[in-house]
Amino acid sequence: MTKETKKILVTGACGQIGSELALKLSELYGKNNVVISDVAEPKPGSALADLTFEYLDVTDFATFESVVRKHNIDTIVHLAAILSVVGEQNPQKCWNINISGTLNAFNLGVKYELSKVFVPSSIAVWGKGVPKIAPQDGILKPTTMYGVTKVTIELLGDYYFRKFGLDCRGVRYPGIISAETLPGGGTTDYAVEIFYSAVKGEDYVCFVREDTRLPMMYMPDCIKAAIDLINAPKEKLTHHCDYNVGSMSFDVASLAKEIQKYYPNFKVIYKPDFRQEIADSWPDDVDDSAARNDWGWKPEFDLERMVKDMIEKLKAKLL
Ligand code: AKB
């Protein structure tokens, strides 16, 4: 994207990633060039509430189209989605929102010859039997409806590129850790909730075992991955909506130990529930060499830096 032209529509903008990515995009490309949409309004008085907002259910093609036309949108950053845990509570709704919403974004991309559509995928594309370090290209057998929708979206990305020349791009996000907006119904939510308990001086009841190890990423790197991929030269890309992006990988016990450097009395009580099975079906880490080679992916935060920053931000927010 260049500074002059682009009008970007961010769907699902009030969610965990959208609320920070939309602000970064408005900083980079100008407030007037970013339109946000969601099925919930931004919090009154928040920085997000300063951006142009459109109420949009992404499964409603006519309204989606009217927003694209009204604002002369050139790029869609399509974040509206149902995550893994909520998806298991209502698989049909997960399929409808994730698949219809993405198809609408892709079809608008083709119809209005948009420059790009960015739609994230997830580590949820893998299932039981995945190697501990997930390869870029491997067998995808997800066990959740969320994972099924993400594999489908990756395949749709390849199809729309080949069939219509649509420039669609996406990364497989790991669990995202951030202090601004809580994640909404994912399996990796424990890695965010644990900080709120620690900073509030409470014990944390964790819904997965202490040895549960998953790939994770801090929000500044999550935003960097989206913007770096959106801006990468097309001719360098060997994949579309399915780039592995690694950052850090840790088990809950190691995260708790790092937090205890700041809160020595902090305790985690482990009470695994149905989410353990989902976590166990995902890899420990990912091989992101394709992202590194194709568009120079390089994360900046490790566990120590992330924990320090999260605690500082949450202290300012909660205390
Ligand atoms: C979830 O846990 O469902 C998400 C994800 C890994 O995509 N955070």
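Preceding this paragraph is the structure being described.
Please read these numbers as outputs of a predicted model, since none were measured by experiment. (Residues numbered from 1 in each chain as written. Predicted model: local features only at pLDDT ≥ 70, side-chain atom pairs only at ≥ 80, totals over all residues. Heavy atoms only, no water.)

Participant: A description of helix α7 (residues 219-231) should follow, citing residues and the corresponding values.
Facilitator: At 3.6 residues per turn, the α-helix brings residues three or four places apart onto the same side. Along its 13 residues, α7 runs 18 Å from first to last C-alpha, staying within 8% of the 18 Å computed at 1.5 Å per residue. Burial in α7 covers these residues: Met-219, Asp-221, Cys-222, Ile-223, Ala-225, Ala-226, Ile-227, Leu-229 and Ile-230. (Helix = DSSP H or I, 4+ residues; strand = E, 2+ residues; numbered from the N terminus. Expected span 1.5 Å × (residues − 1). Buried < 20%, exposed > 50% of the residue type's maximum accessible area, 1.4 Å probe, protein only.)

Participant: Requested: an account of the sheet that holds strand β9 (residues 171-173), with residues and values cited.
Facilitator: Reading across the sheet, the three strands line up as β6-β9-β13 and stay open at both edges, with parallel pairing between neighbours. Edge positions in the open sheet fall to β6 (121-122) and β13 (243-244), since each of these has one partner strand only. Relative to β9, β6 runs parallel, the two being bridged by two bridges. From the neighbouring strand, Ser-122 faces β9, where its bridge partner is Tyr-173. (Pairing = 2+ DSSP bridges.)

Participant: Tell me about the packing of helix α6 (residues 190-199) against helix α11 (residues 303-318), and name the residues and values.
Facilitator: Axis separation between α6 and α11 bottoms out at 10 Å; the angle between their running directions is 55 degrees. Between α6 and α11, the angle falls in the class oblique. You can see that α6 and α11 cross each other, and the crossing is right-handed. Counting all contacts with α6, which are made through Phe-195, Tyr-196 and Val-199, the residues of α11 involved are Met-306, Val-307, Met-310, Ile-311, Leu-314, Lys-315, Lys-317 and Leu-318. Taken together, the residues of the contact of α6 with α11 sort by class into nine nonpolar, no polar and two charged. (Axes fitted to C-alpha atoms, helices over the stretch in contact; angles between N-to-C directions. Parallel < 35°, antiparallel > 145°, perpendicular 65-115°, else oblique. Left-handed = near helix turned anticlockwise from the far one by under 90°. Contact = heavy atoms within 4.5 Å. Nonpolar A, V, L, I, M, F, W, Y, C, P; charged D, E, K, R; others polar.)

Participant: Please give an account of the site of the ligand that cites residues and values.
Facilitator: Taken together, Leu-83, Ser-84, Ser-122, Ile-123, Tyr-146, Gly-186, Thr-187, Thr-188 and Trp-282 make up all the residues around the ligand. One of the side-chain N or O atoms of Ser-122 is found 2.7 Å from an oxygen atom in the ligand. One nitrogen or oxygen atom from the side chain of Tyr-146 is found 2.7 Å from an oxygen atom belonging to the ligand. Summarising the interface, the protein chains cover 92% of the accessible area of the ligand, which totals 250 Å² for the free molecule. Grouping the amino acids of the shell around the ligand by side-chain chemistry returns four nonpolar, five polar and no charged. Shared between two domains, the shell around the ligand holds at least three residues of each, these being domain 1 (8-174 + 217-244) and domain 2 (175-216 + 248-284 + 300-318). (Near = heavy atom within 4 Å. Polar contact = N/O pair within 3.5 Å; in protein donor to acceptor, adjacent residues only side chain to side chain. Areas by Shrake-Rupley, 256 points an atom, 1.4 Å probe, with all protein chains shown as cover. Domains from an automatic or database assignment.)

Participant: Could you give me a rundown of the side chain of Arg-169, with the residues and numbers involved?
Facilitator: For Arg-169, the location among the structural elements is in strand β8 (residues 168-169). Polar contacts involving the side chain of Arg-169 include one to the side chain of Asp-167, which spans 2.8 Å.

Participant: Got a sec to walk through the packing of aromatic side chains? Specific residues and values, please.
Facilitator: For the structure shown, the criterion picks out eight aromatic pairs. Between the aromatic rings of Phe-106 and Tyr-160, the centroid separation amounts to 5.3 Å while the plane-to-plane angle is 40 degrees, which identifies the pairing as tilted. Here Phe-106 is found in helix α4 (residues 91-111), whereas its partner Tyr-160 is found in helix α5 (residues 145-164), with 54 residues between them in sequence. Judged on exposure class, the residue Phe-106 and its partner Tyr-160 are both buried. Taking the centre distance of 6.0 Å and the plane angle of 70 degrees together, the rings of Tyr-159 and Tyr-160 count as edge-to-face. Taking relative accessible area as the criterion, Tyr-159 reaches 36% and is therefore assigned partly exposed. A relative accessible area of 7% places Tyr-160 in the buried class. Taken together, the aromatic side chains of Phe-106, Tyr-159, Tyr-160 and Phe-164 make up a single cluster linked through ring pairs. The positively charged end of Arg-275 is found above the aromatic ring belonging to Phe-207, 3.6 Å away from the centroid. Between Arg-305 and the ring centre of Phe-301, over which it is positioned, the NZ or CZ distance is 4.1 Å. (Phe/Tyr/Trp six-rings, centres within 6.5 Å; stacked < 30°, edge-to-face > 60°. Lys NZ or Arg CZ within 6 Å of the ring centre and 35° of its normal.)

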